[in-house]
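Chains, contacts and geometry: an overview
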Amino acid sequence: MESKEAVRPIYSELQGYLAQAPDSKIDPAINEEGMWGQYNHTIKELNKVTGKDYGRYELVPDENWSVSTVAYRQKLGGLIAKLYGEYFSDEVAPFAEMPSTIITQSQNQNQSLQVQLLLEVSDLIHEKMGKVKDGSKEKTFLEKVKASLSSVKDVSQLVTLWITTAHQLGITIEQLKTLFG
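The rules behind each value
- Residues numbered from 1 in each chain as written.
- Predicted model: local features only at pLDDT ≥ 70, side-chain atom pairs only at ≥ 80, totals over all residues.
- Heavy atoms only, no water.
- Axes fitted to C-alpha atoms, helices over the stretch in contact; angles between N-to-C directions.
- Helix = DSSP H or I, 4+ residues; strand = E, 2+ residues; numbered from the N terminus.
- Parallel < 35°, antiparallel > 145°, perpendicular 65-115°, else oblique.
- Left-handed = near helix turned anticlockwise from the far one by under 90°.
- Contact = heavy atoms within 4.5 Å.
- Nonpolar A, V, L, I, M, F, W, Y, C, P; charged D, E, K, R; others polar.
- 1 Å grid on protein atoms, 1.4 Å probe; cavity = no way out; pocket = protein on both sides within 12 Å on 5 of 7 lines; lining within 4 Å.
- Points joined across faces, edges and corners; volume = space filled by probe spheres on them.
- Expected span 1.5 Å × (residues − 1).
- Buried < 20%, exposed > 50% of the residue type's maximum accessible area, 1.4 Å probe, protein only.
- Arc of directions from axis to C-beta.

Quick notes on the packing of helix H1 (residues 4-20) against helix H2 (residues 33-50)
Taken N-terminus to C-terminus, the directions of H1 and H2 make an angle of 160 degrees; their axes are 10 Å apart at the nearest point. Between H1 and H2, the crossing angle belongs to the class labelled roughly antiparallel. Crossing of H1 against H2: the hand is left-handed. Side by side, H1 and H2 meet where Ala-6, Val-7, Ile-10, Glu-13, Leu-14 and Tyr-17 of the first sit next to Gln-38, Tyr-39, Thr-42, Glu-45, Leu-46, Val-49 and Thr-50 of the second. For the contact of H1 with H2, the per-class residue count stands at eight nonpolar, three polar and two charged.

This is the structure in structure tokens:
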């Protein structure tokens, strides 16, 4: 049976990967099999340690043996958030950033607005999840977006998350308008 302490090294390793993940604006694709391959290997190790299946977080390269940096960051952030919820919810959240410098009032207000926006989006997703059929593309979309919200730092990343996830699932803009309309 899995234990918190058996999962901790893997949890820390994944946080290290996220800290070193390329910026999707600079590097839209990861062409090094070593980077995404090591990540997938870590998931297999996590599966062994926990006896659970975290395969949905594995990365599948495209025909050029590369993976989207956005997908890498989303899956990595989602997995870290899942592990936090399953094993470490009694500890400080992995995405709670402790500022090392004094934050000006303006920056503080911006952060408060971003947190408020993410909370409202999370509430909206929760509301919509109760109104869509289990197993539907829309339900999968809502689950994936909700799992990745903790990695979102600004509105631009939120919009990118929605569009990328919708595209991956074959959901059109019209379907999104209907879902959230």
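On we go from here.
Some words on the layout of surface pockets
One number sums up the size of the second largest pocket: a volume of about 500 Å³. What lines the second largest pocket is a set of 22 residues, and nearest its centre among them are Arg-73, Ser-151, Val-152, Lys-153 and Gln-157. At the level of elements, H1, helix H3 (69-87) and helix H6 (155-169) are the ones that each hand at least two residues to the lining of the second largest pocket. Of the residues assigned to the lining of the second largest pocket, the class counts are eight nonpolar, eight polar and six charged.

Brief notes about H2
Compared with the 26 Å implied by 1.5 Å per residue over 18 residues, the 25 Å span of H2 between its first and last C-alpha is a close match. Buried within H2 are the following residues: Trp-36, Tyr-39, Asn-40, Thr-42, Ile-43, Leu-46, Asn-47 and Thr-50. Summarising the axial view, the buried residues of H2 lie within an arc of 150 degrees, below the 170-degree limit, and thus occupy one face. Residues Gly-34 and Lys-48 are exposed on H2 and point more than 90 degrees away from its buried face. Buried residues in H2 make contact with H1, strand S1 (29-30), strand S2 (67-68) and H3. Once H2 ends, the next one or two residues include Gly-51, with phi positive near 75 degrees.

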